[in-house]
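Geometric and topological summary
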Amino acid sequence: MSGGTTLENANPVIFQRSGERLLADTDADEDVHDPIDDREIFDILSINDPEHPLSLEELNVLEQVRVKVNDAESSVDVQFTPTIPHCSMATLIGLSIKVKLLRSLPERFKIDVSITPGTHASEEAVNKQLADKERVAAALENSSLLEVVNQCLTNKST
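Below you will find a few notes about this structure. (Residues numbered from 1 in each chain as written. Predicted model: local features only at pLDDT ≥ 70, side-chain atom pairs only at ≥ 80, totals over all residues. Heavy atoms only, no water.)

1. What to know about the overall build of the protein
A count of helical and extended segments in the protein gives five helices and three strands. For the protein, the α and β elements follow one another from N to C terminus as α-β-β-α-β-α-α-α. Buried residues in the protein amount to 37% of all 158 residues. Total accessible area computed for the protein in this model is approximately 9600 Å², and 49% of it derives from carbon and sulfur atoms. (Helix = DSSP H or I, 4+ residues; strand = E, 2+ residues; numbered from the N terminus. Buried < 20%, exposed > 50% of the residue type's maximum accessible area, 1.4 Å probe, protein only. Areas by Shrake-Rupley, 256 points an atom, 1.4 Å probe, with all protein chains shown as cover.)

Structure, rendered in structure tokens:
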């Protein structure tokens, strides 16, 4: 949050984080094919909210049920739900999710990030921006915006 700006959602509902992922014996075995799954992508998406000292998971902006992965087709689809219908941070949140996935996944993956249908007043416009590779690339060339995205992606100790 930038200094002097009032919060749009000053008292958000805080949700409990998911537990640690239980690992199978084969998860550490490099000789076993281990397809990327929904939970693995959800675990990658440990992202801070741009306004609150909370994660997107704690605000229920990101939920595992809204992460869909098809490893065989190299596709990842993530829907996120802003905390309020007029959230001005929706594009920044979506961009942060997209950047985290672009930085974390092999290049073979097609990544789609969108707002959960019916949860934001400008859903169509935000989704159009997030789906446009040129707009995303241009946004990431803006050093001020990239700095804010990187702050959202920085691991904070809890």
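2. Describing the pattern of salt bridges
According to the stated counting rule, one finds five salt bridges in the structure shown. Between glutamate 63 and arginine 66 there is a salt bridge, and its shortest N-O distance comes to 3.4 Å. The class for glutamate 63 is partly exposed, based on a relative accessible area of 24%. Note that aspartate 112 and lysine 110 form a salt bridge whose closest N and O atoms lie 2.8 Å from each other. For aspartate 112, a relative accessible area of 32% gives the class partly exposed. (Salt bridge = Lys/Arg side-chain N within 4 Å of Asp/Glu carboxyl O.)

3. Focus: the nonpolar core
With 34 residues, the main nonpolar core has Ile41, Val78, Phe80, Ile97 and Leu101 as its most contacted residues. Where this core is concerned, the elements lending two or more residues are α1 (38-44), β1 (67-70), β2 (75-80), α2 (90-104), β3 (110-115), α3 (123-131), α4 (133-141) and α5 (143-153). A per-element tally of this core places α2 first, with seven residues. Those residues within four positions of valine 78 in sequence are excluded, and the remaining contacts are Ile41, Leu45, Leu62, Arg66, Val67, Ile97, Leu101, Asp112, Val113 and Ser114. (Core = buried A, V, L, I, M, F, W, Y, C linked by side-chain atoms within 4.5 Å. Contact = heavy atoms within 4.5 Å.)

4. Comments concerning α5
Among all positions in α5, only Val149, Cys152 and Leu153 are buried. Considered in projection along α5, the buried side chains sweep an arc of 95° and stay on one side of the axis. On its buried side, α5 packs onto α2. Two or three places before serine 144, at the start of α5, stands the capping residue asparagine 142, its side-chain oxygen 3.0 Å from that residue's backbone nitrogen. (Arc of directions from axis to C-beta. Polar contact = N/O pair within 3.5 Å; in protein donor to acceptor, adjacent residues only side chain to side chain.)

5. Let's talk about the sheet that holds β3
Strand order across the open sheet formed by three strands is β1-β2-β3, with mixed pairing between neighbours. With partners counted over all chains shown, the strands left at the sheet margins are β1 and β3, one partner each. Ignoring strand direction, the axes of neighbouring strands in this sheet form an average angle of 10°. Inspection of the sheet shows β1 paired to β2 by four bridges, in the antiparallel sense. For lysine 68, the partnering residue across the bridge sits in β2 and is aspartate 77. In the packing of α2 onto the sheet, the strands contacted are β2 and β3, and the crossing angle to β3 comes to about 160°. (Pairing = 2+ DSSP bridges. Axes fitted to C-alpha atoms, helices over the stretch in contact; angles between N-to-C directions.)

6. Let's talk about the packing of α2 against α4
Closest axis-to-axis distance for the α2/α4 pair is 12 Å, and the angle between their directions is 95°. Between α2 and α4, the angle is such that the two are roughly perpendicular. Within the contact between the two elements, α2 uses Leu95, Lys98 and Val99 and α4 uses Val136, Ala139 and Leu140. When grouped by side-chain class, the residues that make up the contact of α2 with α4 number five nonpolar, no polar and one charged. (Parallel < 35°, antiparallel > 145°, perpendicular 65-115°, else oblique. Nonpolar A, V, L, I, M, F, W, Y, C, P; charged D, E, K, R; others polar.)

7. Let's talk about the packing of α2 against α5
Interaxial distance between α2 and α5 falls to 9 Å at its minimum, and their mutual angle equals 70°. It follows from the interaxial angle that α2 and α5 lie roughly perpendicular. Where α2 abuts α5, its residues Leu92, Leu95, Ser96, Val99, Lys100 and Arg103 lie against Leu145, Leu146, Val148, Val149, Asn150, Cys152 and Leu153. Residue composition of the contact of α2 with α5, grouped by class: nine nonpolar, two polar and two charged.

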